[in-house]
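Given next are the chains, with one letter for each unit.
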Amino acid sequence: MKADAGFLTTHILDTANGVPAAGVEIALYRLSGEGREEIVTTRTNADGRTDSPLLGKGEMPAGEYELVFMIGDYFAARSTPGAKQFLDAVPIRFVIADAGSHYHVPLLASPFSFSTYRGS
C-alpha cells in the first residue's frame, strides 16, 4: 500500500433540520457491466459521517461505484410527514478515475429533495 493511496468517505446532512443525519444506513457497491458487488454496509455516526472510510487507503481501485443512502428510513423515524412516501433509497453512481486521490461523496437531503457533489 502506498502512503498516498486514495480513499473514499461520505457524510449526510439533514438540510430540512440543519443537522447531521445520524443513524442512516449506507451501502457501497462496485459496478461491473450489469452487475454490482456489495463492498460494505454501514451507518452514519452522530456527526453524519461513517466511523471509518468506506474504502480505505490502498483499497480503492478505479472503476464505477454506487452509494445507496437509506434516507427514507431516517426521515420516517423522525415522523416527517410524507418522507417515506417520496424519498426512500437514494442511489448515487460515480466513477473513481484516480485511485490515488481522496474521493468524498456527501449527501445533502430533506424529505423531498437531495443533492451531492465531489467534496474534499
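Here, the structure is the one placed above.
The structure contained in this document is the topic of the report that follows.

Calculation criteria
- Residues numbered from 1 in each chain as written.
- Predicted model: local features only at pLDDT ≥ 70, side-chain atom pairs only at ≥ 80, totals over all residues.
- Heavy atoms only, no water.
- Core = buried A, V, L, I, M, F, W, Y, C linked by side-chain atoms within 4.5 Å.
- Buried < 20%, exposed > 50% of the residue type's maximum accessible area, 1.4 Å probe, protein only.
- Helix = DSSP H or I, 4+ residues; strand = E, 2+ residues; numbered from the N terminus.
- Contact = heavy atoms within 4.5 Å.
- Salt bridge = Lys/Arg side-chain N within 4 Å of Asp/Glu carboxyl O.

## Considerations on the nonpolar core
Of all hydrophobic cores here, the largest spans 24 residues; its most connected members are Leu8, Ile12, Leu28, Leu67, Phe69, Ile71 and Phe94. A total of four residues in this core trace back to one element, the largest contributor, which is strand S7 (residues 89–96). Beyond its immediate stretch of four places on either side in the chain, Ile71 contacts Ile12, Val24, Leu87, Asp88, Val90 and Ala109.

## Describing the pattern of salt bridges
On inspection of all chains with the given rule, the structure shows four salt bridges. Notably, a salt bridge pairs Arg43 with Glu25, separated by 3.5 Å at the nearest N-O pair. Of the two residues, Arg43 sits in strand S5 (residues 35–43) while Glu25 sits in strand S4 (residues 25–32), which places them 18 residues apart along the sequence. The class of Glu25 is partly exposed, set by a relative accessible area of 31%. Glu66 serves as the salt-bridge partner of Arg36, at 2.3 Å between the closest nitrogen and oxygen. Of this pair, Arg36 sits in strand S5 while Glu66 sits in strand S6 (residues 63–70), and the two are 30 residues apart along the sequence. Judged by its relative accessible area of 5%, Glu66 falls in the buried class. Three or more residues joined by partner-sharing salt bridges are found here, namely Arg36, Glu66 and Arg93.

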